[in-house]
Amino acid sequence: MSDEQLVKAYAQGNNEAFDALLKRHQDRVFNYILRLIKNEDLANDIFQETFVKAILTIKQGRYTENGRFPAWISRIAHNLIIDYYRQEKSENVQSADSDDINLLNRKELCEATIEDMIINEQILQDVKDLIEELPELQKEVLQMRYYQNLSFKEIAEKTGVSINTALGRMRYAIINLRRIAQEKDVVLTL
């Protein structure tokens, strides 16, 4: 079952559907939280709070079906992490003697440097160059999804194909981008 089908089944009272969603996404969500928090106990707390918030939202009928459950659950986790840091900052519990002082002094929480901005511009240009090498149909779907921010349903309607075909084209576009980047030895990370 797709994520959306599982969400719908859970909203209708099928608790096993949520268990399947949790099992499907728990590793990715927990690793994301742990990567930013760097404290396993705290990451576990935020992870649990993330899924509790998801449960409440779905049960209250406030979940908007848009085919992007992984992005939605990641956004909840991200917002909870930000809330945690705001609370820590407002409570001013950090001590200069603390070993955890580096919690807030991390690159991903700082403004970009000139070097970072130049590298990001280069990465964006490299991605555009790689996209130009894709087959036309794959390029079209990728551009609609990432540059026009269209859902796969909208892409399917605009291109006159099924949602599965649009998803397949996107999948092959990403596979081909990775292959082309590897062949050309293009690094797409900082």
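Keep in mind that this is a model prediction, so the values were computed, not measured.

### A few points about the overall build of the protein
On a plain count of helices and strands, the protein comes out with eight helices and zero strands. Put simply, the protein runs from its N terminus to its C terminus through helices and strands in the order α-α-α-α-α-α-α-α. Buried positions account for 33% of the 190 residues belonging to the protein. Accessible surface, the protein: about 12800 Å² in total, of which carbon and sulfur atoms supply 49%.

### Examining the side chain of Lys-139
Of note, Lys-139 is situated in helix α6 (residues 136-146). Setting aside anything within four residues of it in sequence, one finds Lys-139 in contact with Ile-131, Glu-132 and Leu-134.

### Remarks on the packing of aromatic side chains
Under the defined criterion, the tally for this structure stands at eight aromatic pairs. Geometrically, the ring pair formed by Tyr-63 and Trp-72 is edge-to-face, given 4.6 Å between the ring centres and 70° between the ring planes. When sorted by exposure, Tyr-63 lands in the same class as Trp-72, which is buried. Relative to Trp-72, the ring of Phe-69 has its centre 5.6 Å away and its plane inclined at 50°; by these criteria the two rings are tilted. Here the residue Phe-69 and the residue Trp-72 both occupy positions in helix α4 (residues 69-91), the gap between them amounting to three residues, near one helical turn. The same class applies to Phe-69 and to Trp-72, which are both buried. Ring-pair connections join several aromatic residues into one group, and the members of that group are Tyr-10, Phe-18, Phe-30, Phe-47 and Phe-51. Positioned above the aromatic ring of Tyr-10, the side-chain terminus of Lys-59 is 4.4 Å from the ring centre. Sitting over the face of the ring of Tyr-172, Arg-171 holds its NZ or CZ atom 5.5 Å from the ring centroid.

### What about helix α1 (residues 3-11)?
Among the residues of α1, Asp-3, Glu-4, Leu-6, Val-7, Ala-9 and Tyr-10 are the ones counted as buried. Phi turns positive one or two residues past the end of α1, at Gly-13, with a value near 105°.

### Some details on the pattern of salt bridges
Per the counting criterion, the structure on display carries five salt bridges. Here Asp-3 ties to Arg-24 by a salt bridge, and the two come within 2.6 Å at their closest N and O atoms. Here Asp-3, found in helix α1, pairs with Arg-24, found in helix α2 (residues 15-37); they are 21 residues apart in sequence, far enough to count as distant. When the shortest N-O distance is used, the salt bridge between Glu-136 and Lys-139 registers 3.3 Å. Remark: Lys-139 and Glu-136 occur in helix α6; sequence separation between them is three residues, near one turn of the helix. Lys-139 gets classed as buried once you look at its relative accessible area, which sits at 8%. Members of the salt-bridge network, linked through shared partners, are Glu-132, Glu-136 and Lys-139.

Parameters and conventions
Residues numbered from 1 in each chain as written. Predicted model: local features only at pLDDT ≥ 70, side-chain atom pairs only at ≥ 80, totals over all residues. Heavy atoms only, no water. Helix = DSSP H or I, 4+ residues; strand = E, 2+ residues; numbered from the N terminus. Buried < 20%, exposed > 50% of the residue type's maximum accessible area, 1.4 Å probe, protein only. Areas by Shrake-Rupley, 256 points an atom, 1.4 Å probe, with all protein chains shown as cover. Contact = heavy atoms within 4.5 Å. Phe/Tyr/Trp six-rings, centres within 6.5 Å; stacked < 30°, edge-to-face > 60°. Lys NZ or Arg CZ within 6 Å of the ring centre and 35° of its normal. Salt bridge = Lys/Arg side-chain N within 4 Å of Asp/Glu carboxyl O.

The quantities given are spatial measurements derived from coordinates; they are silent on function.
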